[in-house]
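What follows is the residue order along each chain.
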Amino acid sequence: MREYIEERAMESARYIVKNKATVRQAAKVFGISKSTVHKDVTERLEVINPGLAGEIRKVLDVNKAERHLRGGMATREKYSHMRK
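What this report covers is the structure whose coordinates are included nearby. This structure is a prediction, so every number in the text was calculated from the model and none was measured.

## Things to note about the overall build of the protein
The number of helices and strands found in the protein is 4 helices and 0 strands. Whereas a compact globule of 84 residues would reach a radius of gyration of roughly 12 Å, the protein reaches 15 Å, over 25% beyond that. In terms of overall dimensions, the protein has a C-alpha envelope of 55 × 25 × 20 Å along the principal axes. The proportion of buried residues among the 84 residues of the protein is 29%. Sequence separation of 24 or more characterises 56% of the internal contacts of the protein that already satisfy a separation of 6 or more. On the protein, roughly 6300 Å² of surface is accessible, and the fraction owed to carbon and sulfur atoms is 53%. For the protein, the separation between the mean place of its 19 positive charges and that of its 11 negative charges on side chains is 10 Å.

So this is what it looks like as structure tokens:
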């Protein structure tokens with residue numbers, strides 16, 4: 001694996017763990033696609049740093065469990081101005 005890919009994977013993983021961020025938020029910060037961030041922190045990180053990969057898995061699992069709630073809140077916000 002190329003060195004810049006390893007560094008990108010480590011950097012985005014550290015950001016996600018530190019900020020409890022979503023893949024979408026990390027992608028926006030680093031200017032790369034969500035698919036790239038997801039592949040970096042799930043597949044590539046297992047090879048590079050298995051310990052950090054475990055931490056990432058915990059954060060991603062929490063985000064996955066909460067995403068339906070965030071989606072509902074976004075929809076509520078979107079249509080809240082129509083009721084007034």
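We are not done yet, so read on.
## Here we look at helix α3 (residues 34–48)
When the terminal C-alpha atoms of α3 are compared, their 20 Å separation across 15 residues agrees well with the 21 Å that a helix rising 1.5 Å per residue should span. Maximal helix bending in α3 amounts to about 35°, located at Asp 40. Those residues of α3 lying buried are Val 37, Asp 40, Val 41, Thr 42, Arg 44 and Leu 45. Turning to α3, the residues buried within the fold contact α1 (3–19), α2 (23–30) and α4 (50–83).

## Focus on the layout of surface pockets
Approximately 320 Å³ is the volume attributed to the largest pocket. In this structure, the largest pocket is lined by Thr 22, Val 23, Arg 24, Lys 34, His 38, Arg 57, Leu 60, Asp 61, Asn 63, Lys 64, Arg 67 and Arg 70. At the level of secondary structure, the elements contributing two or more residues to the lining of the largest pocket comprise α2, α3 and α4. With 7 residues, the single largest contributor to the lining of the largest pocket is α4.

## A word on the side chain of Thr 22
Position of Thr 22 among the secondary structure elements: in the loop between α1 and α2. Apart from the residues within four sequence positions on either side, Thr 22 is in contact with Ile 16, Asn 63 and Arg 70.

Thresholds, definitions, all that
Residues numbered from 1 in each chain as written. Predicted model: local features only at pLDDT ≥ 70, side-chain atom pairs only at ≥ 80, totals over all residues. Heavy atoms only, no water. Helix = DSSP H or I, 4+ residues; strand = E, 2+ residues; numbered from the N terminus. Rg over C-alpha atoms; globule rule 2.2 N^0.38 Å. Buried < 20%, exposed > 50% of the residue type's maximum accessible area, 1.4 Å probe, protein only. Contact = heavy atoms within 4.5 Å. Areas by Shrake-Rupley, 256 points an atom, 1.4 Å probe, with all protein chains shown as cover. Lys, Arg positive; Asp, Glu negative; His and termini not counted. Charge placed at Lys NZ, Arg CZ, Asp CG, Glu CD. Expected span 1.5 Å × (residues − 1). Bend = angle between axes of the 7 residues up to and from the residue. 1 Å grid on protein atoms, 1.4 Å probe; cavity = no way out; pocket = protein on both sides within 12 Å on 5 of 7 lines; lining within 4 Å. Points joined across faces, edges and corners; volume = space filled by probe spheres on them.

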